[in-house]
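# Overview (structure and organization)
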Amino acid sequence: MADIIKINSVEQYDRLFGLETLHPQVSVIDLNQATRFPTHFTVNYGVYALFLKQTICGDIRYGKQTYDYQEGTVTSFAPGQVAEVVMKASVRPSARGILFHPDLIKGTSLGRNIKQYTFFSYASNEALHLSEEEKDIFLDCLEKTNLELQHPIDKHSKRLICRNIELLLDYCMRFYERQFTTRANANKDVLAKFEGLLDDYFHGEQAQQEGLPTVRYFADKVCLSPNYFGDLIKKETGKSAQEYIQHRLIDLAKEMILGTDKTVSQIAYELGFQYSQHFSRMFKKNVGCTPNEYRKAQA
């Protein structure tokens, strides 16, 4: 892997490609204007970044996976994420995007709501593929932000810049939701695999050995990030991935309570709970009575 470059400011990224910096905390990027062309580098982002790739000019890798980053796709990065970039020989990069520092959005509605833009944590091989109309919207939002950056900084600048960024991110949320719909068949394949993995986890000895399963465990098994996986499951089922796991857990618990003579402690252990009290509290919260009360009521 190439040496890791820590990008703690938008100016550092601009310098990497020889671009002009107009504002200390935000930069609208046009790699067609780049004067430097690094071909192999790894970035540890300390800023938020969103890019629309306009030509096939190289790969982005997270660990050993290559991001599905083709022409007309959008990728996003949040502070703390690391990505390796490998550019094709003799091909100039062509991408448009925006970088902004976390300090820019503090005290704004964007800062309060930034966690809702879950695509910033989609560090997986799932890219956002835009239609021609969606590309125009994306670029128009960038242009509006860039026009504000050309304006001398005044008391309105921060609010207007953040609103334009927020508008862009809202559109990207809409585009991702559209993509979940248009990829319905592929999503159903993921859901079916998730259900099979749930069955395998609880019907084998894995629960006793490793404890309760996490969303990350199943996301890793289907090669998706936890956030993307969670959004996909929510779109397909109406439940969060954690709720879906818990629902399956309660169903299995009911079967074991009514179909076996095992004690509540035995059932809790086989389902992966470290303490039976934890199991009983979860069961009562979801069913309305304790496991023993459920067994007596159904006898």
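Figured I'd write up the structure that's included with this text.

### Considering the overall build of the chain
A count of helices and strands for the chain gives twelve helices and ten strands. Expressed as lengths along the three principal axes of its C-alpha atoms, the size of the chain is roughly 75 × 45 × 35 Å. For the chain, buried positions account for 47% of its 299 residues. In the chain, 73% of the contacts between residues at least 6 apart in sequence involve partners at least 24 apart.

### Focus: the pattern of salt bridges
Going through the model one piece at a time under the given rule, you end up with eight salt bridges. When the shortest N-O distance is used, the salt bridge between Arg15 and Glu11 registers 3.7 Å. One end of the pair, Arg15, and the other, Glu11, are both in helix α1 (residues 10-17), four residues apart, so they sit about a helical turn from each other.

### Description of the layout of surface pockets
Put simply, the largest pocket is a space of about 250 Å³. In terms of lining, the largest pocket is formed by 15 residues, of which the most central are Glu20, Leu22, Val28, Asp30 and Asn146. Counting residues per element, the ones that place at least two in the lining of the largest pocket are β2 (26-30) and α3 (132-150). The dominant element in the lining of the largest pocket, judged by the number of residues it contributes, is β2, at five residues. Tallied by class, the residues present in the lining of the largest pocket amount to six nonpolar, five polar and four charged. In the lining of the second largest pocket, the residues fall into six nonpolar, three polar and one charged.

### So, the sheet that holds strand β7 (residues 73-77)
Here we have five strands laid out as an open sheet, ordered β2-β9-β4-β7-β10, and antiparallel in their pairing. Each of the sheet's edge strands pairs with one partner strand only, and the pair in question is β2 and β10 (128-129). Where β2 meets strand β9 (residues 95-100), five bridges bridge the pair, whose relative direction is antiparallel. Pairing of Val26 across the sheet is with Phe100, part of β9. α3 contacts β2, β4 (48-53), β7, β9 and β10 of the sheet and is inclined by roughly 50° relative to β9.

### Digging into the nonpolar core
Core analysis: the largest hydrophobic core is formed by 68 residues, its most contacted members being Leu50, Phe100, Phe120, Leu169, Phe229 and Leu271. Once residues within four sequence positions are removed from consideration, Leu169 is found in contact with Leu50, Phe100, Leu110, Ile114, Tyr117, Phe119 and Phe120. Ranked by size, the runner-up nonpolar core spans 21 residues in total, among them Tyr45, Val47, Ala83 and Leu99.

### A closer look at the packing of helix α9 (residues 241-259) against helix α11 (residues 276-287)
Here α9 crosses α11 at 100°, and the two axes come no closer than 11 Å. Here α11 runs roughly perpendicular to α9, going by the angle between their axes. Of the residues in α11, those touching α9 at Gln246, Leu249, Ile250, Ala253, Lys254 and Ile257 are Phe279, Met282, Phe283, Asn286 and Val287. For the contact of α9 with α11, the residue count by class is eight nonpolar, two polar and one charged.

### A look at the packing of aromatic side chains
Summed over all chains, the structure comprises 23 aromatic pairs. Ring plane angle 40° and centroid distance 5.2 Å describe the contact between Phe119 and Phe120, whose orientation is recorded as tilted. The burial state of Phe119 is the same as that of Phe120; both residues are buried. Between Tyr176 and Tyr228, the ring centres sit 6.4 Å apart and the planes meet at 75°, which makes this aromatic pair edge-to-face. You can see Tyr176 sitting in helix α4 (residues 157-182) and its partner Tyr228 sitting in helix α8 (residues 226-237), a full 52 residues away along the chain. Residues Tyr176 and Tyr228 agree in their burial class; the two are buried. Taken together, the ring pairs in this structure connect Tyr48, Phe100, Tyr117, Phe119, Phe120, Tyr176 and Tyr228 into an aromatic cluster.

### So, the side chain of Ser94
Looking at where Ser94 falls in the secondary structure, it is placed in the loop between β8 (82-87) and β9. Here the side chain of Ser94 touches Asn32 through a polar contact of 3.1 Å, side chain to side chain.

Rules used in this analysis
- Residues numbered from 1 in each chain as written.
- Predicted model: local features only at pLDDT ≥ 70, side-chain atom pairs only at ≥ 80, totals over all residues.
- Heavy atoms only, no water.
- Helix = DSSP H or I, 4+ residues; strand = E, 2+ residues; numbered from the N terminus.
- Buried < 20%, exposed > 50% of the residue type's maximum accessible area, 1.4 Å probe, protein only.
- Contact = heavy atoms within 4.5 Å.
- Salt bridge = Lys/Arg side-chain N within 4 Å of Asp/Glu carboxyl O.
- 1 Å grid on protein atoms, 1.4 Å probe; cavity = no way out; pocket = protein on both sides within 12 Å on 5 of 7 lines; lining within 4 Å.
- Points joined across faces, edges and corners; volume = space filled by probe spheres on them.
- Nonpolar A, V, L, I, M, F, W, Y, C, P; charged D, E, K, R; others polar.
- Pairing = 2+ DSSP bridges.
- Axes fitted to C-alpha atoms, helices over the stretch in contact; angles between N-to-C directions.
- Core = buried A, V, L, I, M, F, W, Y, C linked by side-chain atoms within 4.5 Å.
- Parallel < 35°, antiparallel > 145°, perpendicular 65-115°, else oblique.
- Phe/Tyr/Trp six-rings, centres within 6.5 Å; stacked < 30°, edge-to-face > 60°.
- Polar contact = N/O pair within 3.5 Å; in protein donor to acceptor, adjacent residues only side chain to side chain.

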